[in-house]
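What the coordinates show
Spelled out from the first residue to the last, the chains are:
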Amino acid sequence: MSDGNQIVPLAPAKFYQRSNEESRQPKALRPKRSGKCFFYSLALIVLLSAITLVLAIIVAPRTPHVKLTSAAVEYLIFGNDPIPSFNMTLAAAVSIKNSNFVRFQFENSSSSVLCEGVVVGEAKLGSGRVGARKTRRVNIAVKIRSSDSLSVAKNLSGDFNSGKLKLNSYAKLKGNVRLFGIVKNRTAVMNCGLYLNFTSRSIQDMECI
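The name given to the protein in an unreviewed UniProt entry is late embryogenesis abundant (lea) hydroxyproline-rich glycoprotein family, with the source organism recorded as Salix koriyanagi. Its UniProt record, at the heading Subcellular location (unreviewed entry), says of the protein: "Membrane".

Shown next, in the form of structure tokens:
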């Protein structure tokens, strides 16, 4: 006669196997790797921004510098008969300094010599180009002659007696520089003062703004 109590066997325990990724990479290491990626991305952005800023400063278009570097009197006559007047030829050199990392190309230009705001002489500078980080020298010969209106407006006889006459040399060069296919217009201006010495028949002082 069998016993009324039956023994029920226990169900086997269930085991869950971890995936390969979970077994290889502990959860504690995942946040650290994400932090490193963020740091590297931030460092790359900062580096690219710094490179862009440096390139913008270096490559930014600049206006070339134009000035009168030398001037010599080749011919000069002056006197008070019948009215105070002078006639001269000036040999001069104009320098065009291009500080850009690309060439500067300028249009047909000219240089003028003024006395008391009145144009008394002019010379052609022509057109051309100045290479990147280069300086171009242009030699000119300016024929200068005083006008009757200048003789009336200014006391030239007083300048003859003092032995000095102030002249101004002015030029404007219109041109452009091309950066990454984009054309940037630039206008270079020369404004120089020079003092003619009638006694030594030479240019005594010269200064450019």
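Continuing now.
Taken as a whole and assessed by the stated rule, the structure comprises four aromatic pairs. When the ring of Phe78 is compared with that of Phe160, the centres are 5.2 Å apart and the planes differ by 45°; the resulting orientation is tilted. On the criterion of sequence distance, the pair formed by Phe78 in strand β1 (residues 65-79) and Phe160 in helix α4 (residues 156-162) is long-range, its members being 82 residues apart. Here Phe160 falls in the buried class, since its relative accessible area comes to 10%. Measuring from centroid to centroid gives 6.1 Å for Phe104 and Phe106, while their planes differ by 25°, and the two rings are stacked. The same class applies to Phe104 as to Phe106, namely buried. An aromatic cluster is built from Phe78, Phe160 and Phe198, whose rings are joined through pairwise contacts. Residue placement shows Arg133 over the ring face of Phe101; its charged tip is 4.8 Å from the ring centre.

About the thresholds
- Residues numbered from 1 in each chain as written.
- Predicted model: local features only at pLDDT ≥ 70, side-chain atom pairs only at ≥ 80, totals over all residues.
- Heavy atoms only, no water.
- UniProt positions renumbered as here; feature names shortened; annotations may be inferred.
- Phe/Tyr/Trp six-rings, centres within 6.5 Å; stacked < 30°, edge-to-face > 60°.
- Helix = DSSP H or I, 4+ residues; strand = E, 2+ residues; numbered from the N terminus.
- Buried < 20%, exposed > 50% of the residue type's maximum accessible area, 1.4 Å probe, protein only.
- Lys NZ or Arg CZ within 6 Å of the ring centre and 35° of its normal.

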